[in-house]
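Fold and geometry: a report
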Amino acid sequence: MNTAEFEAEAGVGVFVTPEDVENTVEEVMKKYRDEIVEKRYKFGSGVILGLVRKKLKWADGKMVKNEVDLQILDLLGPKMADDLNAANVKKPKDISQKSSSGNVSMVEENDRKVIEETSVGELMKRTLNFHKPGENYKTEGYVITPMTMQLMKKHLERTGGKVLTRFPPEPNGLLHIGHAKAININFGYAQANGGLCCLRYDDTNPEKEEEEFVRSIRDMVDWLGYKPFKITHASDNFDQLYAWAVDLIHRGHAYVCHQQADEMKGFNPPPSPWRERPIAESLKLFDDMRNGLIDEGQATLRMKVTLEEGKVDPVAYRIKFSHHHQTGDKWCIYPTYDFTHCLCDSIEDITHSLCTKEFQNRKLRDF
């Protein structure tokens, strides 16, 4: 027997990551996108499942099914009334038909069950299979440090084991259909699991934000039928975020850079000539940035890390001489989304950071 051939046929040593599954499902779904959009939930997902399994022979079937369901949900949103018509609901021959015991017929009972499951909460229960609070470390690729379990224990003590999610819009405009999807997923998942969802305004870009948009966002959340258990702002944490930025410089994980915005665009920009500047020098320059001694566009604080999407050394802080609707004129440097978002999740003890796909690869959690 040829051992190498046998092991190849048996999949020995083959490891399929969640990223492999996600990318393959995305690739296959692109070919059928128009048909899926046209047929919506009447489209047979078995076609997608079959093609993915051909490409990833040794992938876990449950993982593939969950990813297909999740991407279809991301594309179409929750099921609408039309999606639950003829294909899903069988009408009884006699609508007044009763069972021998005088109860409503099984067909009518099934109809009612389908209608009840049209809520976002029920959809979340059936579609999403995420880790339990405190079991983040069971997620594929999760980085465990010597402090992980101790910190997780304290986290659970603070949350009481509840699911905590957040809807984190930037108050720089009116909400659109994509925001409605994010509202339903974050509030719906918390609701489905007996948890709580907060509304957090990601107000890190003062020149584009207005109080009018803050009010309209709250109105939209209310209109969709949800009530946040609390309302927070990223700016509530500006002092803590600044302190952590200084700590990153001390640790050699961040540096002040003078490259212009155009020089840093894209995924293969020229490396910063200031990446290895002395720590003390970066500390002094960051303090100068904080005190308004450097002009806008002349310096940024960058992190020594590569995002999952491939972006090298993303900016953590930039200079903006703009009035902030929450903090006034206290700050002239503001943290970026990439730096702020995951840290605010940690500060607020968020158990499930649910993001739509455009933000999926902009992760700094391991950093």
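Relevant structure appears above.
Rules of the game
Residues numbered from 1 in each chain as written. Predicted model: local features only at pLDDT ≥ 70, side-chain atom pairs only at ≥ 80, totals over all residues. Heavy atoms only, no water. Patch = residues over 30% accessible without salt bridge, like charges linked within 9 Å, V, L, I, M, F, W, Y side chains within 5 Å. Areas by Shrake-Rupley, 256 points an atom, 1.4 Å probe, with all protein chains shown as cover. Salt bridge = Lys/Arg side-chain N within 4 Å of Asp/Glu carboxyl O. Lys, Arg positive; Asp, Glu negative; His and termini not counted. Charge placed at Lys NZ, Arg CZ, Asp CG, Glu CD. Helix = DSSP H or I, 4+ residues; strand = E, 2+ residues; numbered from the N terminus. Contact = heavy atoms within 4.5 Å. Buried < 20%, exposed > 50% of the residue type's maximum accessible area, 1.4 Å probe, protein only. Pairing = 2+ DSSP bridges. Right-handed = clockwise from strand over helix to strand, strands pointing away.

Quick look at a negative patch on the surface now. A contiguous patch of negative charge, built from Glu19, Asp20, Glu140 and Glu308, is present on the exposed surface. Mapped onto the secondary structure, glutamate 140 falls in the loop between α6 (120-127) and α7 (148-159).

For asparagine 136, the location among the structural elements is in the loop between α6 and α7. Discounting residues that sit within four places of it in the chain, asparagine 136 has contacts with His131, Tyr142, Met152 and Thr351.

This part covers the pattern of salt bridges. Following the criterion strictly, the structure yields 18 salt bridges and no others. When the shortest N-O distance is used, the salt bridge between arginine 218 and aspartate 222 registers 3.1 Å. With a gap of four residues between them, arginine 218 and aspartate 222 both fall in helix α9 (residues 211-223), about one helical turn apart. On the basis of relative accessibility, which here comes to 35%, the residue aspartate 222 falls in the partly exposed class. Glutamate 276 serves as the salt-bridge partner of lysine 304, at 3.5 Å between the closest nitrogen and oxygen. Pair noted here: lysine 304 is in the loop between β5 (300-303) and β6 (315-319) and glutamate 276 is in the loop between α11 (261-264) and α12 (279-290), with a separation of 28 residues, a long-range link. Salt bridges linked by common partners bring Arg166, Arg200, Asp345 and Glu348 together as one network.

Okay, the pairing of strand β1 (residues 164-167) next. The alternating pattern of β1 places Leu164 and Arg166 on one face and Thr165 and Phe167 on the opposite face, and all of these are buried. Pairing analysis gives four bridges linking β1 to strand β2 (residues 196-201), with the strands arranged parallel. Within the sheet, the bridge partner assigned to threonine 165 lies in β2 and is cysteine 197. Handedness of the β1-helix α8 (residues 177-192)-β2 crossover: right-handed.

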